[in-house]
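Descriptive analysis of the structure
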Amino acid sequence: MKSLLTKAELIAFETEIAGCFNKALIKAPIHLYNGNEDEILKVFRDVNEEDWVLCSWRSHYQCLLKGVPKERLKSDILAGRSISLCYRDYRIVSSGIVTGVLPIAVGIALDIKRRGGTNRVFCFMGDMTSESGVAHECVKYSVNNKLPIRFIVEDNGKSVCTNTREAWGLGKLTYEGPPDGYITYYRYDGSKYPHAGSGVRIQF
Ligand SMILES: Cc1ncc(C[n+]2csc(CCOP(=O)(O)OP(=O)(O)O)c2C)c(N)n1
Ligand SMILES: [Mg+2]
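As a starting point, this report considers the structure included with it. (Residues numbered from 1 in each chain as written. Chains lettered and ligands numbered in written order. Predicted model: local features only at pLDDT ≥ 70, side-chain atom pairs only at ≥ 80, totals over all residues. Heavy atoms only, no water.)

On to the coordination of the magnesium ion (ligand 2), then. Here the magnesium ion (ligand 2) is held by Asp127 (OD), Asn156 (OD1) and Lys158 (O), and the distances to it run 2.1 to 2.2 Å. All donors to the magnesium ion (ligand 2) come from one chain, and their sequence spacing reads D-x28-N-x1-K. In this pair, Asp127 sits in helix 6 (residues 127–130) while Asn156 sits in the loop between strand 4 (149–155) and strand 5 (158–159), placing the two residues 29 residues apart along the sequence. For Asp127, a relative accessible area of 1% puts it in the buried group. (Donors = N, O, S within 2.8 Å, 3.2 Å for Na, K, Ca; no water. Helix = DSSP H or I, 4+ residues; strand = E, 2+ residues; numbered from the N terminus. Buried < 20%, exposed > 50% of the residue type's maximum accessible area, 1.4 Å probe, protein only.)

Bringing the pairing of strand 4 into the picture now. For strand 4, a buried count of six out of seven residues is recorded, marking the element as mostly surrounded by other parts of the structure. By the bridge criterion, six bridges tie strand 3 (residues 121–126) to strand 4 in an arrangement that is parallel. Counterpart to Gly126 in the pairing with strand 4 is Glu154. The pairing of strand 4 with strand 7 (residues 183–187) spans five bridges and is classified as parallel. What sits directly across from Ile152, in strand 7, is Thr184. (Pairing = 2+ DSSP bridges.)

What follows covers the packing of aromatic side chains. Summed over all chains, the structure comprises three aromatic pairs. Feature note: the residues Tyr33, Tyr61 and Tyr188 constitute an aromatic cluster, connected by ring pairs. Residue placement shows Arg58 over the ring face of Tyr33; its charged tip is 5.9 Å from the ring centre. (Phe/Tyr/Trp six-rings, centres within 6.5 Å; stacked < 30°, edge-to-face > 60°. Lys NZ or Arg CZ within 6 Å of the ring centre and 35° of its normal.)

Before going further, it helps to examine the sheet that holds strand 1 (residues 52–55). Pairing in this open sheet of five strands is parallel, and the strands run 2-1-3-4-7 from one edge to the other. With partners counted over all chains shown, the strands left at the sheet margins are strand 2 (92–94) and strand 7, one partner each. Between one strand and the next, the sheet's axes are offset by a mean angle of 15°, whatever the strand orientation. Here helix 5 (residues 102–115) sits on the sheet and contacts strand 1, strand 3 and strand 4; the angle it forms with strand 3, its principal contact strand, is near 165°. (Axes fitted to C-alpha atoms, helices over the stretch in contact; angles between N-to-C directions. Contact = heavy atoms within 4.5 Å.)

The next point concerns helix 4 (residues 70–78). Each full turn of the α-helix corresponds to 3.6 residues, which orients residues three or four apart in the same direction. Buried within helix 4 are the following residues: Leu73, Lys74, Asp76 and Ile77. Looking straight down helix 4, one finds that the buried residues subtend no more than 160° of arc, so they occupy a single side. In the segment just after helix 4, Gly80 is the residue with positive phi, at about 100°. (Arc of directions from axis to C-beta.)

Think of two packed helices as two axes; the pair is described by the angle between the axes and how far apart they sit. Where helix 5 contacts helix 7 (residues 133–144), the axes come no closer than 9 Å and their chain directions differ by 10°. Here helix 5 is positioned roughly parallel relative to helix 7, judged by the angle of their axes. The chirality of how helix 5 crosses helix 7 is left-handed. Residues Leu102, Pro103, Val106 and Leu110 of helix 5 pack against Val134, Ala135, Cys138, Tyr141 and Ser142 of helix 7. Class assignment of the residues belonging to the contact of helix 5 with helix 7 gives a composition of eight nonpolar, one polar and no charged. (Parallel < 35°, antiparallel > 145°, perpendicular 65-115°, else oblique. Left-handed = near helix turned anticlockwise from the far one by under 90°. Nonpolar A, V, L, I, M, F, W, Y, C, P; charged D, E, K, R; others polar.)

All told, the structure shown has 11 salt bridges when counted by the stated rule. The residue Lys42 makes a salt bridge to Glu39 at a minimum N-O spacing of 3.5 Å. You can see Lys42 and its partner Glu39 sitting in helix 2 (residues 37–44), three residues apart, about one turn around the helix. Judged by its relative accessible area of 51%, Lys42 falls in the exposed class. One salt bridge connects Asp155 with Arg165, and the closest N-O pair in it is separated by 2.6 Å. On the criterion of sequence distance, the pair formed by Asp155 in strand 4 and Arg165 in helix 8 (residues 164–168) is long-range, its members being 10 residues apart. By the burial criterion, Asp155 is buried, and Arg165 matches it. Residues joined by salt bridges that share partners form a network here, namely Asp155, Arg165, Glu176 and Arg187. (Salt bridge = Lys/Arg side-chain N within 4 Å of Asp/Glu carboxyl O.)

Neighbouring ligand 1 are 14 residues, the closest being Trp57, Arg58, Gly96, Thr129 and Lys158. One of the side-chain N or O atoms of Asp127 is found 3.0 Å from an oxygen atom in ligand 1. Taking Met128, its main chain carries an N or O atom lying 2.9 Å from an oxygen atom of ligand 1. Surface burial for ligand 1 is 69%, taken as the share of its 580 Å² of free accessible area covered by protein chains. Mapped onto the shell around ligand 1, the elements with two or more residues apiece are helix 6 and strand 5. The element contributing the most residues to the shell around ligand 1 is helix 6, with three residues. Taken together, the residues that form the shell around ligand 1 break down as five nonpolar, six polar and three charged. (Near = heavy atom within 4 Å. Polar contact = N/O pair within 3.5 Å; in protein donor to acceptor, adjacent residues only side chain to side chain. Areas by Shrake-Rupley, 256 points an atom, 1.4 Å probe, with all protein chains shown as cover.)

Here you go:
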């Protein structure tokens, strides 16, 4: 089996970054993960080196699990790049724009299919992103054109401070449910960290 970082190592990395942020060492936004370690590790057991991983503004775990060395990642975060970490050499693309990476993910998957490649695209998105028109178009296009892509919907119930289900009048999210070949959905409790930062108001 592939050797991935452990749950404890993932949590320790975010804890270290939270500490740096609270000491005002990072003069840019950061978004931290907590509570989704078991689920994201399960996803990454299926991700290979040649696969592409597309992420949102919250992507430290994906970078670590795709193989970006901890020190390189930390130095990029300290340099203010946490919300848009991109590593061509590790096939990772992230964007701080809500839905920004979704059409890019679909484009990469279409290119792989046209070239007859065997690698795949893994595209992560939050619950609110998953209810956007862009997400619905991207999933529909990918499913109907049988693209080599998997969408991972990470549901923390919120978009910043807005309750996603209340906002849309939904009892259940559109893609909520067991894995179906194109969508992997999981719920996690992200309440340890606020939407951005790590809980302490920093004066630079
Ligand atoms: C186009 C655009 N609109 C608004 C924002 C501000 N914004 C950043 S994250 C976010 C919440 C998205 O919620 P969700 O998709 O559930 O992701 P989560 O952060 O909860 O993982 C919003 C509205 C943005 N970055 N880009
Ligand atoms: Mg959310």
